[in-house]
There are 2 protein chains.
Amino acid sequence: MKSQTSHKVIVPDAAGALRRQYCNIGDASLRSGVSSKMIRHYEATGLLPEVHRTAANYRLYSEEDINQLRFIKRARSLGFSMKQIARLVSLWQNKSRSNADVRNLAMEHVADLDTRIREMQEMRHALHVLAVRCHADGEPECPILDSLAVEYPDRAD
Amino acid sequence: MKSQTSHKVIVPDAAGALRRQYCNIGDASLRSGVSSKMIRHYEATGLLPEVHRTAANYRLYSEEDINQLRFIKRARSLGFSMKQIARLVSLWQNKSRSNADVRNLAMEHVADLDTRIREMQEMRHALHVLAVRCHADGEPECPILDSLAVEYPDRAD
DNA sequence: CTTGACCTTCCCATGATAGGAAGCCTGATG
DNA sequence: CATCAGGCTTCCTATCATGGGAAGGTCAAG
């Protein structure tokens, strides 16, 4: 069985002592708010390091690992992409990072959010204008459908 | 070869006459603004009917087909999902539809947009607050990372 | 020893879109 | 008529973040 993986294996002898510091993926999930599925996925994509394993191949998470999961969780809740989060984690762990780099990353994401918010507000506005023009009286006549069905524009967007 | 498909085949005899009314997928794409890829995809998922084919199995699009593509294109640009668009198309083609149904569908989507806009505005706000607190002076000290790295919250979200 | 709750890996699905390969068809040119 | 470009066909793959589920191994309590 996979003897050439790089993570350290916690041998049974040491299990008693180490169980106090390490927890299984289920507990890591509970304590971080990240599902076990996603924890494994983050590991597979390199966002998380390969953690320790028991002799039975169970993953073992340290406090530090769990803090990293929480970091990722919070970054996700701010809408950062996985790629951005990978950069954030790397900055976080780099003691000689520049806070300017972090802020640039954040502002890049803010600009991205602004774009998407604006697009959705435009959709929202257009739709709402159509909806208030609709009598909604049970008749087939409907300005919303009429607007979608305009015939003339013979050009690609 | 696939003799049991349901679409009508335009036989070569009729080709001359029908070429004036029908166009290939590339032209349909240009005239509707929907990529050929997506036109085929919409057909595969049942959003579009199976169109006519030439004897060589090329798809042929009528004016009506192209209008339906434009309808879909505009609904997409308003952010409706494919499922919602399927409902919209079906209402559009139902001459005894109720405009109340259409407006309900639209308002459902408006509510959805509102939710997503609000979520993104909250992210945007939180991030911006952090970003303006960051000196961005090249030092490692960074309130953005600090905020992501808070240690205490030992609970699932 | 059995049982149930956990863990492992592997595969599949979502939704809308795009890229690409391999092969056939068509129209225009030499 | 032969050829060549470009358009068409189908089929497979990828994206992004997430989750569902199967088949099988592990562990602790009874």
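First, a word on scope: everything that follows refers to the structure included in this document. Sequence order as written defines residue numbering, which begins from 1 separately in each chain. Working convention: letters from A go to chains and numbers from 1 go to ligands, in the order in which they are written. In keeping with the predicted nature of the model, local features appear solely for residues at pLDDT of at least 70, side-chain atom pairs appear and are counted solely at 80 or more, and the whole-chain, interface and lining totals rest on all residues. Only hydrogens and water are removed before side-chain values are computed, so all heavy atoms of the structure are retained for them.

**A short note on the packing of aromatic side chains**
Residues and elements named next belong to chain A.
- Geometry of aromatic contacts follows a simple scheme: Phe, Tyr and Trp rings, the Trp one being its six-membered ring, pair when their centres are within 6.5 Å, and the pair is stacked under 30 degrees between planes, edge-to-face over 60, tilted otherwise. Within the structure shown, the criterion is met by two aromatic pairs over all chains.
- Consider the rings of Phe71 and Trp92, whose centres lie 4.2 Å apart with planes at 15°: the pair is stacked. In this pair, Phe71 sits in helix H4 (residues 63–77) while Trp92 sits in helix H5 (residues 82–93), placing the two residues 21 residues apart along the sequence. We count a stretch as a helix when DSSP gives it H or I for four or more residues in a row; a strand needs E for two or more, and each element gets its number in order from the N terminus.

**Comments concerning the side chain of His52 of chain B**
- For His52 of chain B, the position within the fold is in strand S2 (residues 52–54).
- Under this definition, polar contacts are N or O atom pairs within 3.5 Å; protein pairs additionally need one hydrogen-donor-capable and one acceptor-capable atom, and for neighbouring residues in sequence, both atoms have to be side-chain atoms. A polar contact of 3.1 Å, which involves the side chain of His52 of chain B, links it to the side chain of Tyr22 of chain B.

**Observations concerning the protein's contact with DNA strand D**
- Lys37, Tyr58 and Met82 of chain A together with Arg40 and Tyr58 of chain B are the nearest of the 22 residues found near DNA strand D.
- Whether a residue is near a molecule or strand is decided by its heavy atoms; if any one of them lies within 4 Å of it, the residue is near. Here, DNA strand D places atoms within 4 Å of the protein, and 67% of those atoms are sugar or phosphate.
- Here a phosphate oxygen of DNA strand D sits 3.5 Å away from a polar atom, N or O, in the side chain of Lys83 of chain A.
- Side-chain polar atom of Tyr58 of chain B to a base nitrogen of DNA strand D: 2.7 Å apart, as the coordinates give it.
- Those elements giving two or more residues to the surface near DNA strand D turn out to be helix H3 (36–44) and H5 of chain A together with helix H2 (25–32) and helix H3 (36–44) of chain B.
- For the surface near DNA strand D, the element with the most residues is H3 of chain A, which contributes four residues.
- Amino acid classes used here: Ala, Val, Leu, Ile, Met, Phe, Trp, Tyr, Cys and Pro are nonpolar; Asp, Glu, Lys and Arg are charged; the rest, including Gly, are polar. Tallied by class, residues from the surface near DNA strand D come to seven nonpolar, six polar and nine charged.

**What to know about the protein's contact with DNA strand C**
- Near DNA strand C, the surroundings consist of 22 residues, among which Gly26, Arg40 and Arg59 of chain A together with Lys37 and Met82 of chain B are the closest.
- Put simply, 72% of the atoms of DNA strand C that lie within 4 Å of the protein are in sugar or phosphate.
- For DNA strand C, a phosphate oxygen lies 2.9 Å from a polar atom in the backbone of Arg59 of chain A.
- In the model, a phosphate oxygen of DNA strand C is placed 3.4 Å from a nitrogen or oxygen of the Lys83 of chain B side chain.
- Looking at the surface near DNA strand C, the elements that each hand over two or more residues are helix H2 (25–32) and H3 of chain A together with H3 and helix H5 (82–93) of chain B.
- Among the elements that make up the surface near DNA strand C, the one with the highest residue count is H3 of chain B (four residues).
- Residues of the surface near DNA strand C, tallied by class, amount to seven nonpolar, six polar and nine charged.

**Focus on unusual backbone geometry**
- Even without glycine at this site, Asn57 of chain A takes up a positive phi of about 80°.
- With respect to the helices, strands and loops of the structure, Asn57 of chain A is situated in the loop between strand S2 (52–54) and strand S3 (59–60).

**Details of the interface of chain A and chain B**
- Contacts are residue-level and defined by heavy atoms, with any inter-residue pair within 4.5 Å sufficient. Between chain A and chain B, the contact holds 60 residues from the first and 60 residues from the second.
- Note on terms: buried area is the combined drop in 1.4 Å-probe accessible area of two parts once they are placed together, counting the loss on both. At the boundary of chain A with chain B, total buried surface from both sides reaches about 5400 Å², with 65% on carbon and sulfur atoms.
- Whenever Lys or Arg places a side-chain nitrogen within 4 Å of a carboxyl oxygen from Asp or Glu, that contact is recorded as a salt bridge. Where chain A meets chain B, there are two salt bridges.
- The salt bridge involving Arg124 of chain A is made with Asp114 of chain B; its shortest N-O contact spans 2.6 Å.
- Linking chain A to chain B there are 18 residue pairs in polar contact (both at pLDDT 80 or more).
- Counting only elements with at least two residues in the side of chain A that touches chain B, the list comes to H2, H4, H5, helix H6 (99–133) and helix H7 (143–148) of chain A.
- Top contributing element to the side of chain A that touches chain B by residue count: H6 of chain A, with 20 residues.

**Some points on the relation of the copies chain A and chain B**
- Aligned on chain B, chain A shows an RMSD of 0.0 Å; the corresponding rotation is 180° and the shift along the axis is 0.0 Å. Both copies are brought into coincidence by an operation consistent with a two-fold rotation axis. Proximity to the rotation axis, assessed at the C-alpha, singles out Ile117 of chain A in chain A; its C-alpha lies 2.9 Å from the axis.
- Of the residues that chain A buries at the interface, 100% are likewise interface residues in chain B, meaning the two copies contact each other through the same surface. When the copies are superposed, the least-squares fit takes in the C-alpha atoms of residues with a pLDDT of at least 70 in both.

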